[in-house]
Amino acid sequence: GQQLNQSPQSMFIQEGEDVSMNCTSSSIFNTWLWYKQDPGEGPVLLIALYKAGELTSNGRLTAQFGITRKDSFLNISASIPSDVGIYFCAGQLVNTGNQFYFGTGTSLTVIP
Amino acid sequence: SQTIHQWPATLVQPVGSPLSLECTVEGTSNPNLYWYRQAAGRGLQLLFYSVGIGQISSEVPQNLSASRPQDRQFILSSKKLLLSDSGFYLCAWTSGQGGEQYFGPGTRLTVT
């Protein structure tokens, strides 16, 4: 099946630092989604992107839909301890509207 | 507003026993519904999705099955559980037009 390459796999940062992660695909996507998952809970949708070049913010989080439609980026500014968790990207391919494909996740640890 | 429920939250079952996990969505109609399995807190694997009552698409051949007896109810079943069925099972929904996908709280299944 379709694979999304998400990087980095894990990050250890100091509180207050900015964070950047990305997802890439070999295929064109028409939707990109970013999620955060806490241990033992379901993923929570953070940001949804629908157009190439779109830049959307949600508080300290900013995500972008890549111009090529094959990638997306998530940035977290001024990290805080509650940002700890696993972040997933997900996307929908063009012409396969019912299925979502997920990245393998980025585990974020914030050191106070 | 829409909400998604999963039941039970945790389950411990012996090998060879049957399984029934339930997912219900409130506040929307004609949703697309999905079952995923997540191992070790990473990597969501799509198991089944449904675009309507009685319509089930299977992504991974295995000893699990899914049913959609009502518009907002999605059930994951097995006649005989295997050790490899252990994992975190997540239900999700999108509107019929696609776009944003929302997850339930998950069911932690341990097969002993």
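The coordinates are above.
Predicted model only: the values in this text are computed from it and were never measured.

So, how was this worked out
- Each chain carries its own residue numbering, running from 1 in the written order of its sequence.
- In the order they appear in the text, chains get letters beginning with A and ligands get numbers beginning with 1.
- With pLDDT at 70 or above as the cut-off, local features in this predicted model cover only qualifying residues; side-chain atom pairs require 80 or more to be listed or tallied, and sums for whole chains, interfaces and linings still use all residues.
- Where side-chain values are given, they derive from all heavy atoms of the structure, hydrogens and water being excluded.
- A run of H or I in DSSP becomes a helix once it reaches four residues, and a run of E becomes a strand once it reaches two; helices and strands are each numbered from the N terminus.
- We compute the radius of gyration from the C-alpha atoms alone; for a globule the expected value is 2.2 Å times N to the 0.38, where N is the number of residues.
- Any residue under 20% of the maximum accessible area for its type is buried, any over 50% is exposed, and the rest in between are partly exposed; the area is computed with a 1.4 Å probe on protein chains only.
- In what follows, residue pairs with any heavy atoms lying within 4.5 Å of each other are defined as contacts.
- Areas reported as accessible are Shrake-Rupley estimates using a 1.4 Å probe. Residue values count occlusion only from the protein chains shown.
- Positive residues here are Lys and Arg, negative ones are Asp and Glu, while His and the chain termini are left out of the count.
- Working definition for charges: the position is that of NZ of Lys, CZ of Arg, CG of Asp or CD of Glu.
- Any two rings among Phe, Tyr and Trp, with Trp reduced to its six-membered ring, count as a pair given centres within 6.5 Å; such a pair is stacked if its planes are under 30 degrees apart, edge-to-face if over 60, and tilted if neither.
- Only strands that DSSP links by at least two bridges are regarded as paired with each other.
- Each reported salt bridge corresponds to a side-chain nitrogen of Lys or Arg within 4 Å of a carboxyl oxygen of Asp or Glu.
- We call a pair of cysteine sulfur atoms a disulfide when they lie within 2.5 Å.

Caption draft 1: How the structure looks around the overall build of chain A. Scanning chain A for helices and strands turns up zero helices and eleven strands. In chain A, the succession of α and β elements from N to C terminus is β-β-β-β-β-β-β-β-β-β-β. At 13 Å, chain A has a C-alpha radius of gyration in line with the 13 Å of a compact globule built from 112 residues. Looking at chain A as a whole, 46% of its 112 residues qualify as buried. The contacts of chain A with a sequence gap of at least 6 include a subset with a gap of at least 24, amounting to 54%. If you sum the accessible surface of chain A, you get close to 5000 Å²; carbon and sulfur atoms cover 51% of it. Both charge centroids of chain A, one from 5 positive and one from 8 negative side chains, sit 13 Å from each other.

Caption draft 2: The arrangement of the environment of Ala63 of chain A in detail. All names here are of chain A. Mapped onto the elements of the fold, Ala63 is located in strand β7 (residues 61–65). Ala63 sits in the buried class, given a relative accessible area of 0%. Sequence-wise, Ala63 and Trp32 are 31 residues apart; in three dimensions their C-alpha atoms are separated by 9.3 Å.

Caption draft 3: Spatial organisation of the environment of Ala48 of chain A. Residues and elements named next belong to chain A. Mapped onto the secondary structure, Ala48 falls in strand β5 (residues 44–49). Given a relative accessible area of 14%, Ala48 falls into the buried group. For Ala48 and Gln14, which are 34 residues apart along the polypeptide, the C-alpha to C-alpha distance reads 27 Å.

Caption draft 4: Here's a closer look at the packing of aromatic side chains. By the definition in use, this model includes eleven aromatic pairs over all chains. On the numbers, 4.8 Å between centres and 25 degrees between planes, the contact of Phe29 of chain A with Trp32 of chain A is stacked. Residue classification places Phe29 of chain A among the buried positions, given a relative accessible area of 0%. In this structure Trp32 of chain A comes out as buried when scored by relative accessible area, which is 0%. With 6.0 Å between their ring centres and 35 degrees between their planes, Tyr35 of chain A and Phe102 of chain A make a pair best called tilted. With a gap of 67 residues between them, Tyr35 of chain A in strand β4 (residues 29–37) and Phe102 of chain A in strand β10 (residues 101–102) connect regions that are remote in the sequence. Given a relative accessible area of 12%, Phe102 of chain A falls into the buried group. Put simply, the rings of Tyr35, Phe100 and Phe102 of chain A together with Tyr34, Tyr36, Tyr49 and Phe103 of chain B pair up and form one aromatic cluster.

Caption draft 5: Just the pairing of strand β4 (residues 32–39) of chain B, in detail. All names here are of chain B. Extensive coverage of β4 is indicated by the burial of seven of its eight residues. Pairing analysis gives seven bridges linking β4 to strand β9 (residues 87–94), with the strands arranged antiparallel. Bridge assignment links Tyr36 to a residue of β9, and that residue is Leu90. Pairing of β4 with strand β5 (residues 42–52), which is carried by seven bridges, proceeds in the antiparallel orientation. By the bridge assignment for β5, Tyr34 is matched with Tyr49.

Caption draft 6: Representation of the pattern of salt bridges. In the structure shown here, the tally under the stated rule is four salt bridges over all chains. Across the pair Asp38 of chain A and Lys36 of chain A runs a salt bridge whose closest N-O atoms are separated by 2.6 Å. We classify Asp38 of chain A as partly exposed; its relative accessible area is 28%. Across the pair Asp71 of chain B and Arg68 of chain B runs a salt bridge whose closest N-O atoms are separated by 3.3 Å. Of the residues examined, Asp71 of chain B reaches a relative accessible area of 19% and is grouped as buried.

Caption draft 7: Spotlight on the state of the cysteines. Applying the stated criterion across every chain, the model contains two disulfides over all chains. Here Cys23 of chain A connects covalently by a disulfide to Cys89 of chain A, the sulfurs 1.7 Å from one another. Between Cys23 of chain A and Cys89 of chain A the sulfur-sulfur dihedral comes to about -80 degrees; the bridge is accordingly left-handed. With Cys23 of chain A in strand β3 (residues 19–24) and Cys89 of chain A in strand β9 (residues 85–93), this residue pair connects regions lying 66 residues apart in the sequence. No difference in accessibility class separates Cys23 of chain A from Cys89 of chain A, as the two residues are buried. The residue that forms a disulfide with Cys23 of chain B is Cys91 of chain B, at a sulfur-sulfur distance of 2.0 Å. Between Cys23 of chain B and Cys91 of chain B the sulfur-sulfur dihedral comes to about -75 degrees; the bridge is accordingly left-handed. You can see Cys23 of chain B sitting in strand β3 (residues 19–26) and its partner Cys91 of chain B sitting in strand β9, a full 68 residues away along the chain.

That is the geometry; function is a separate question.
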